[in-house]
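Residue-level structure breakdown
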Number of protein chains: 2
Amino acid sequence: MLSSIKRFLIGRPLKSTELGEQKLNKTKALAILSSDALSSVAYGPEQILIVLIAVGTTAIWYSLPIAIGVLVLLLALILSYRQIIFSYPHGGGAYVVSKENLGIYPGLIAGGSLLVDYILTVAVSVSAGTDAITSAFPSLHSHNVIIAIIFVVFITTLNLRGVTESASILAYPVYLFVIALFILIGVGIYNIVTGHISPELHTPIGTPVAGISLFLLLRAFASGSSALTGVEAISNAIPNFKDPAPNNASRTLIAMGTLLAGLFAGIVYLAFYYGIVPAAEVTVVSQIAEQTFGRNFMYFFIQGTTALILILAANTGYSAFPLLAVNLAKDKFIPRMFTIRGDRLGYSNGIIILGVLSIVLILAFEGKTEHLIPLYAVGVFIPFTLSQTGMVVKWIREKPKGWISKLIINTTGAVISFIVTMMFFLTKFSQVWSVLVFLPIIIYLFHRIRKHYEAVGDQLRLANRVPAVPVEGNVIILPVAGITHVVENSLNYAKSLSPHQIIAVYVPFEREDEAMFEEKWKKWQPDVRLVTLHSPYRSIINPLTKFIDTVQRKASESNYQVTVIIPQFIPKKGWHNILHNQSSLLIRAHLLYRRNVIVTTVPYHLTE
Amino acid sequence: MLSSIKRFLIGRPLKSTELGEQKLNKTKALAILSSDALSSVAYGPEQILIVLIAVGTTAIWYSLPIAIGVLVLLLALILSYRQIIFSYPHGGGAYVVSKENLGIYPGLIAGGSLLVDYILTVAVSVSAGTDAITSAFPSLHSHNVIIAIIFVVFITTLNLRGVTESASILAYPVYLFVIALFILIGVGIYNIVTGHISPELHTPIGTPVAGISLFLLLRAFASGSSALTGVEAISNAIPNFKDPAPNNASRTLIAMGTLLAGLFAGIVYLAFYYGIVPAAEVTVVSQIAEQTFGRNFMYFFIQGTTALILILAANTGYSAFPLLAVNLAKDKFIPRMFTIRGDRLGYSNGIIILGVLSIVLILAFEGKTEHLIPLYAVGVFIPFTLSQTGMVVKWIREKPKGWISKLIINTTGAVISFIVTMMFFLTKFSQVWSVLVFLPIIIYLFHRIRKHYEAVGDQLRLANRVPAVPVEGNVIILPVAGITHVVENSLNYAKSLSPHQIIAVYVPFEREDEAMFEEKWKKWQPDVRLVTLHSPYRSIINPLTKFIDTVQRKASESNYQVTVIIPQFIPKKGWHNILHNQSSLLIRAHLLYRRNVIVTTVPYHLTE
């Protein structure tokens with residue numbers, strides 16, 4: 001039943017050899033890996049305006065130089081990540097780069113921030129998209145949380161089906177969004193050029209503004225930079241690309257950078273020229289669209305694709321998180337289960353954990369995840385800074401051909417990323433301080449997990465220890481609860497293993513019972529020794545454990561091994577289990593975990 | 001840790017032989033078993049007045065003949081249950097009496113209603129008591145639910161400590177309540193006799209009342225009879241009495257009947273003479289107390305003990321429910337676990353289940369359990385009727401000495417109980433219809449459980465089947481995941497059991513891995529056969545199960561038994577388990593429940 005539901009939802013299992021068919025071509029990769037970055041043009045320009053408007057509408061023209069700053073940072077990041085792709089063609093992005101060049105702890109800081117960040121990406125973008133949809137249909141507004149959770153479950157299922165299938169489905173909305181925005185920008189600029197838009201609407205560039213400060217400009221710049229979250233995703237996901245993976249990834253990265261730059265610049269310029277002031281109720285993109293088209297089909301098309309891409313931005317998290325987790329798990333910093341490919345060859349444990357944790361976040365914040373955005377931006381710029389710095393160290397250390405220009409690119413990226421990170425801490429400390437708490441905790445956990453795996457490895461490795469002493473013989477202890485087929489069955493098995501070293505154990509609660517059972521047993525199995533352990537406190541485990549300890553002490557003197565055979569009858573239907581005292585389960589768990597005893601379960605299947 | 005908390009809460013375990021010391025003397029038994037019945041005088045008289053006042057204040061005098069009717073019913077019930085106690089000295093009350101005389105289904109109807117009823121008792125009385133307390137301290141009112149739950153947990157813990165200990169603690173409030181009410185009644189009657197109370201206050205007996213009907217009088221009578229809930233408790237709990245149990249139980253029953261009759265009659269009479277009209281805010285008892293004493297110490301003493309006894313009424317449920325459950329479990333209608341005595345010799349499973357279910361009820365009704373009261377009264381009068389009828393049948397069938405008078409007593413009881421039951425269905429159908437839904441469901445469940453136990457018994461009984469074929473030899477399958485100490489350990493054990501029939505099984509996911517492992521194995525264990533099962537779908541269980549099926553088919557031809565030995569390493573700390581793929585757990589569960597294979601777990605304890 002369960003397995004056929006699973007088949008229906010995620011499809012038939014795939015052979016490991018079918019992995020090649022699950023790789024992405026550039027068109028699909030661009031859609032699936034850039035949805036996060038591209039979606040941020042829907043709110044990035046607005047963030048700049050919100051900071052500037054605090055000084056006055058005359059300050060709006062500053063959005064142009066700030067946008068140029070953001071574009072420079074984008075250029076630096078794109079060029080810089082392009083270099084990372086070719087230097088680390090097996091993926092891993094910021095984590096691998098930082099670890100290999102800066103050391104283990106910077107690597108863990110980068111990896112830990114990104115891991116948390118992808119969970120935030122999913123929660124924040126799905127909540128934002130849901131908000132956009134329910135603003136259009138107010139009657140759904142009170143169901144925000146449940147709608148957001150349904151979207152997460154949907155995207156999770158799609159990703160469990162496999163990366164190509166989700167790409168095929170998700171590519172359309174991403175490209176529609178890009179087309180819609182380019183039409184908007186094109187028509188807007190045409191209107192400006194043809195003089196349909198009055199130049200009176202905006203303050204001219206260079207107008208002096210009272211009260212403007214470097215701090216404010218840097219703050220606006222940092223806010224605008226939040227539009228760049230997601231550009232690192234491609235460098236994490238190189239293994240998902242068709243061969244030659246690094247070349248394809250690099251071209252996809254450049255295409256994404258170009259699209260992002262064009263959209264970002266276009267939106268900022270139109271907002272400036274139209275003299276748009278950010279409002280609480282209507283987004284900047286929505287205002288531009290309304291001024292350009294009025295409330296016609298194009299307007300609603302732009303609004304609809306924007307809402308969709310906000311939700312699909314979550315998908316970038318689903319592509320990057322499991323691959324990052326594989327890298328961390330291979331280095332033994334997180335549980336090994338993240339390295340296992342599921343039925344459809346995706347790293348399903350990573351996908352499921354990401355889905356579950358983002359649902360937890362959505363529930364914890366009741367779908368109001370807006371104030372997680374700065375946290376999420378910091379979580380991206382910390383690894384940006386670390387990976388650029390790592391590349392700088394790499395170039396200085398290795399000095400390959402043309403290293404000076406490479407060094408300049410990465411140094412620029414590192415410095416700007418560092419400034420942006422600091423700006424977040426300086427200007428929005430109340431929203432981002434928690435990074436300083438949870439990053440150390442995560443890194444401590446990473447450390448503990450690694451230590452445990454290493455200790456286990458040491459203990460299991462054959463070379464490290466003297467070989468185990470061979471087992472000379474076996475003593476079998478058989479706890480019995482009555483004279484039944486179940487016991488007969490187990491006894492026959494015990495006799496086949498070690499006919500002369502069987503001790504049946506009976507634990508009576510009452511004295512009368514004790515004598516009666518001993519007599520019955522003598523009649524039934526005169527050859528098998530029976531030990532009765534009277535239990536005045538009505539516990540089975542305590543007297544049994546004590547008895548086993550005694551037997552084991554004697555047995556180990558002559559290298560005999562003690563085996564406890566537990567007869568267990570297995571009812572036909574699952575719910576029947578609650579009708580039976582599952583003493584056998586308890587005894588087994590207790591003996592295995594507390595004592596060094598071999599536990600054999602002899603099942604007796606009931607047929608009715 | 002857990003076990004020392006348990007020790008602190010419920011005390012040291014007791015030996016089975018200490019059972020005698022856990023029995024109740026009459027004083028304690030009266031307190032613990034009659035709290036439910038006695039507490040109902042706090043609301044029973046009021047119920048009568050509420051029905052009468054609907055016609056007018058002149059109808060109040062009818063409360064006297066109705067009270068006489070209730071007292072007659074009480075007398076019939078007490079005499080009748082006295083006869084039950086001597087006829088069924090091992091307890092079981094209505095369930096046993098109905099089952100033995102009327103047949104299995106009437107027995108189950110009685111048992112099922114009482115089982116549900118005791119849960120209602122606990123929920124309703126604790127909620128009522130909590131309400132009484134929070135009315136005195138209004139700031140606590142919003143915490144009603146949590147306070148009620150704390151009381152349930154407290155009473156549950158007390159009962160887990162054992163019936164004598166809870167009796168010692170709970171006896172005081174019960175006796176204080178009885179004393180307080182008798183002082184109230186005594187002073188009240190003294191005032192009346194000495195002429196301090198104006199006879200003008202009440203309508204004289206016999207005043208004709210317009211609009212009175214037999215239906216209304218019967219309804220008032222049924223409402224008043226709800227004060228009799230709980231009188232059956234003693235007959236269920238005979239095993240808790242000191243020897244000679246039936247005599248002690250019978251005397252306790254008569255003492256309870258006398259107290260109940262005195263208090264009930266006194267309250268009704270004072271309410272009538274004082275001309276008290278039921279009010280929404282103040283209870284009848286509170287009005288009587290205020291008129292008698294004014295708002296002085298005695299008034300608050302009466303209010304306080306009333307609140308306490310309402311909560312303690314729950315304790316009657318704790319005494320009767322586990323014993324009823326034992327009777328049902330012995331007859332295999334409910335899970336066997338209810339027959340097991342806990343550390344302190346109480347039937348702890350029954351006590352815990354009762355506590356949990358009543359907390360569930362309190363939560364489900366958010367502490368507002370008042371409208372469960374009629375349900376609860378019906379749940380008592382159905383078994384009353386059935387057990388009296390059972391006794392009638394018994395007397396007619398057995399005709400012992402003096403059976404005619406016994407027959408008359410039980411017939412009276414049966415008829416009045418039946419009338420009261422019908423009155424509840426006729427006058428409060430909207431509140432009691434659910435009995436007609438859940439009783440059939442419960443009885444169906446009883447039936448299914450019994451059927452399952454009987455089927456299991458049949459299959460386990462030795463006489464019923466041909467003896468099992470002896471096991472001729474063993475084939476051992478050892479799934480291995482690598483070449484480690486864990487595997488070495490299991491292999492040594494396997495060799496000691498059956499050195500020439502061991503098959504090690506390795507499930508590689510990749511072709512390269514397969515060849516490499518085979519080579520390594522040949523070097524390490526050239527004598528042990530290795531089978532590799534390439535798994536293109538990356539599942540371990542599927543190929544392993546198929547292989548085991550094949551081996552088993554061949555083995556069973558020559559009566560060989562297949563044993564799967566599962567190496568399991570056990571980390572030192574519990575949380576480490578999540579860091580390892582618990583494939584061994586999954587394989588074990590799958591094989592035990594799906595296949596007829598013996599599963600042996602060889603633990604390898606890690607030391608770090």
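Residues numbered from 1 in each chain as written. Chains lettered and ligands numbered in written order. Predicted model: local features only at pLDDT ≥ 70, side-chain atom pairs only at ≥ 80, totals over all residues. Heavy atoms only, no water.

**Regarding the overall build of chain A**
Check the secondary structure of chain A and you find 22 helices and five strands. On the principal axes, the C-alpha backbone points of chain A span a range of 110 × 60 × 45 Å. Buried positions account for 56% of the 608 residues belonging to chain A. For chain A, restricting intrachain contacts to residue pairs at least 6 apart in sequence, the fraction spanning at least 24 positions comes to 81%. When the accessible surface of chain A is split by element, carbon and sulfur atoms take 65% of a total near 25800 Å². One finds the centroid of the 46 positive side-chain charges in chain A at a distance of 7 Å from the centroid of its 32 negative side-chain charges. (Helix = DSSP H or I, 4+ residues; strand = E, 2+ residues; numbered from the N terminus. Buried < 20%, exposed > 50% of the residue type's maximum accessible area, 1.4 Å probe, protein only. Contact = heavy atoms within 4.5 Å. Areas by Shrake-Rupley, 256 points an atom, 1.4 Å probe, with all protein chains shown as cover. Lys, Arg positive; Asp, Glu negative; His and termini not counted. Charge placed at Lys NZ, Arg CZ, Asp CG, Glu CD.)

**Description of the interface of chain B and chain A**
The parts lose accessible area when they come together, and the size of an interface is often stated as this lost area. Between chain B and chain A, the residue contacts involve 76 residues of the former and 76 residues of the latter. In this assembly, chain B and chain A are joined by twelve residue pairs in polar contact (both at pLDDT 80 or more). The residue makeup of the side of chain B that touches chain A, split by class, is 41 nonpolar, 21 polar and 14 charged. Both strand β5 (residues 598-605) of chain A and strand β5 (residues 598-605) of chain B contribute to a ladder of three bridges, which runs antiparallel. (Polar contact = N/O pair within 3.5 Å; in protein donor to acceptor, adjacent residues only side chain to side chain. Nonpolar A, V, L, I, M, F, W, Y, C, P; charged D, E, K, R; others polar. Pairing = 2+ DSSP bridges.)

**Digging into the relation of the copies chain B and chain A**
At an RMSD of 0.3 Å, chain B and chain A line up after a rotation of 180° and a shift of 0.1 Å along the axis. Seen this way, the second copy is the image of the first under a two-fold rotation axis. If distances are taken from each C-alpha of chain B to the rotation axis, the shortest is found for B:T600, at 2.0 Å. Comparing contact sets, 100% of the residues at the interface of chain B also lie at the interface in chain A, consistent with an isologous, same-surface contact. (Least-squares fit on C-alpha atoms with pLDDT ≥ 70 in both.)

**Observations concerning the sheet that holds strand β3 (residues 529-532) of chain A**
Read across the open sheet, the ten strands follow the order β3(A)-β2(A)-β1(A)-β4(A)-β5(A)-β5(B)-β4(B)-β1(B)-β2(B)-β3(B); overall the sheet is mixed. A strand with exactly one partner marks an edge of an open sheet, and here the two such strands are β3 of chain A together with β3 (529-532) of chain B. Across this sheet, the average inter-strand angle for adjacent strands is 25°, counted without regard to direction. Against the sheet, helix α20 (residues 511-524) of chain B contacts β1 (473-480), β2 (502-506) and β3 of chain B, and its axis sits at roughly 175° relative to β3(B). (Axes fitted to C-alpha atoms, helices over the stretch in contact; angles between N-to-C directions.)

**Notes on the domain arrangement of chain A**
In terms of domain boundaries, chain A breaks down into domain 1 (1-10 + 45-427) and domain 2 (473-605). The straight-line distance from the C-alpha centre of domain 1 of chain A to that of domain 2 of chain A is 62 Å. (Domains from an automatic or database assignment.)

**What about the environment of A:Y347?**
Residue and element names in this part refer to chain A. With respect to the element layout, Y347 can be found in the loop between α13 (297-330) and α14 (348-364). Accessibility expressed as a relative area gives 14% for Y347, which makes it buried. Residues Y347 and L323, 24 residues apart in the sequence, show an inter-C-alpha distance of 7.6 Å. Leaving out residues up to four positions away in the same chain, Y347 has contacts with P322, L323, V326, F338, T339, I340 and R341.

**With respect to the packing of helix α6 (residues 104-136) of chain A against helix α18 (residues 434-460) of chain A**
All names here are of chain A. The contact between α6 and α18 brings their axes to 9 Å, and the two run at 115°. Overall, the two elements α6 and α18 adopt an arrangement that is roughly perpendicular. Note that α6 runs across α18; the crossing there is right-handed. Contact residues: α6 offers Y105, L108, I109, G112, S113, L115 and V116, while α18 offers F438, L439, I442, I443, F446 and H447. Taken together, the residues of the contact of α6 with α18 sort by class into ten nonpolar, three polar and no charged. (Parallel < 35°, antiparallel > 145°, perpendicular 65-115°, else oblique. Left-handed = near helix turned anticlockwise from the far one by under 90°.)

**Looking at the confidence of the model for chain A**
Per-residue confidence for chain A gives a mean pLDDT of 86; residues scoring 70 or more make up 98%. With a pTM of 0.75, the predicted complex shows an ipTM of 0.76. (pLDDT = per-residue confidence, 0-100.)

**With respect to the pairing of β5(B)**
Residue and element names in this part refer to chain B. With seven of eight residues buried, β5 is to be regarded as a mostly interior element. Summarising the sheet, strand β4 (residues 560-570) and β5 pair through eight bridges and their orientation is parallel. Within the sheet, the bridge partner assigned to P567 lies in β5 and is V602.

**With respect to the pattern of salt bridges**
All names here are of chain B. Under the definition given, this model contains twelve salt bridges over all chains. For the salt bridge of K99 with D331, the shortest nitrogen-to-oxygen distance reads 2.5 Å. Residue K99 is located in helix α5 (residues 93-102), and its partner D331 is located in the loop between α13 (297-330) and α14 (348-364); the two are separated by 232 residues in the primary sequence. On the basis of relative accessibility, which here comes to 19%, the residue K99 falls in the buried class. Two residues, R450 and E454, come together in a salt bridge whose shortest N-O distance is 2.9 Å. Residue R450 and its partner E454 are located together in helix α18 (residues 434-460), separated by four residues, close to a single helical turn. (Salt bridge = Lys/Arg side-chain N within 4 Å of Asp/Glu carboxyl O.)

**A closer look at the side chain of A:N240**
All names here are of chain A. Within the secondary structure layout, N240 lies in the loop between α10 (233-236) and α11 (245-273). Residue N240 is classed as buried on the basis of its relative accessible area of 16%. Filtering out sequence-adjacent residues up to four positions away, N240 remains in contact with K23, L24, V163, S319 and L323.

**So, the packing of aromatic side chains**
Under the counting rule described, the total for this entry stands at 24 aromatic pairs over all chains. Between A:F297 and A:F301, the aromatic rings sit 5.7 Å apart at their centres with planes inclined by 20°, giving stacked as the arrangement. Of this pair, A:F297 and A:F301 both sit in helix α13, four residues apart, which is roughly one turn of the helix. With 5.9 Å between their ring centres and 40° between their planes, B:Y269 and B:Y273 make a pair best called tilted. Remark: B:Y273 and B:Y269 occur in helix α11 (residues 245-273); sequence separation between them is four residues, near one turn of the helix. On the basis of relative accessible area, B:Y269 is assigned to the partly exposed category, the value being 33%. By way of ring pairs, the aromatic residues A:Y81, A:F381, A:F384 and A:F424 are connected into one cluster. Here A:K399 stacks its cationic end above the ring of A:W403, 5.5 Å away from the centre of that ring. (Phe/Tyr/Trp six-rings, centres within 6.5 Å; stacked < 30°, edge-to-face > 60°. Lys NZ or Arg CZ within 6 Å of the ring centre and 35° of its normal.)

**Details of the pairing of β2(B)**
Residue and element names in this part refer to chain B. Taking burial as the measure, the five residues of β2 include five buried ones, the bulk of the element. Alternating positions in β2 separate into two faces, I502, A504 and Y506 on one and I503 and V505 on the other, with burial throughout. Pairing of β1 with β2 involves five bridges; the strand directions are parallel. Counterpart to I476 in the pairing with β2 is I502. Handedness of the crossover is the feature at issue here: the chain leaves β1, passes through helix α19 (residues 485-497), returns alongside β2, and the resulting connection is right-handed. (Right-handed = clockwise from strand over helix to strand, strands pointing away.)

**Quick word on the packing of helix α2 (residues 26-39) of chain B against α11(B)**
Residues and elements named next belong to chain B. Contact geometry of α2 with α11 gives a least axis separation of 10 Å together with a crossing angle of 45°. Relative to α11, α2 is oriented oblique. Along this stretch, α2 crosses α11, giving a crossing that reads as right-handed. Where α2 abuts α11, its residues K26, A29, L30, L33, S34, A37 and L38 lie against N248, R251, T252, A255, M256, L259, L260 and L263.

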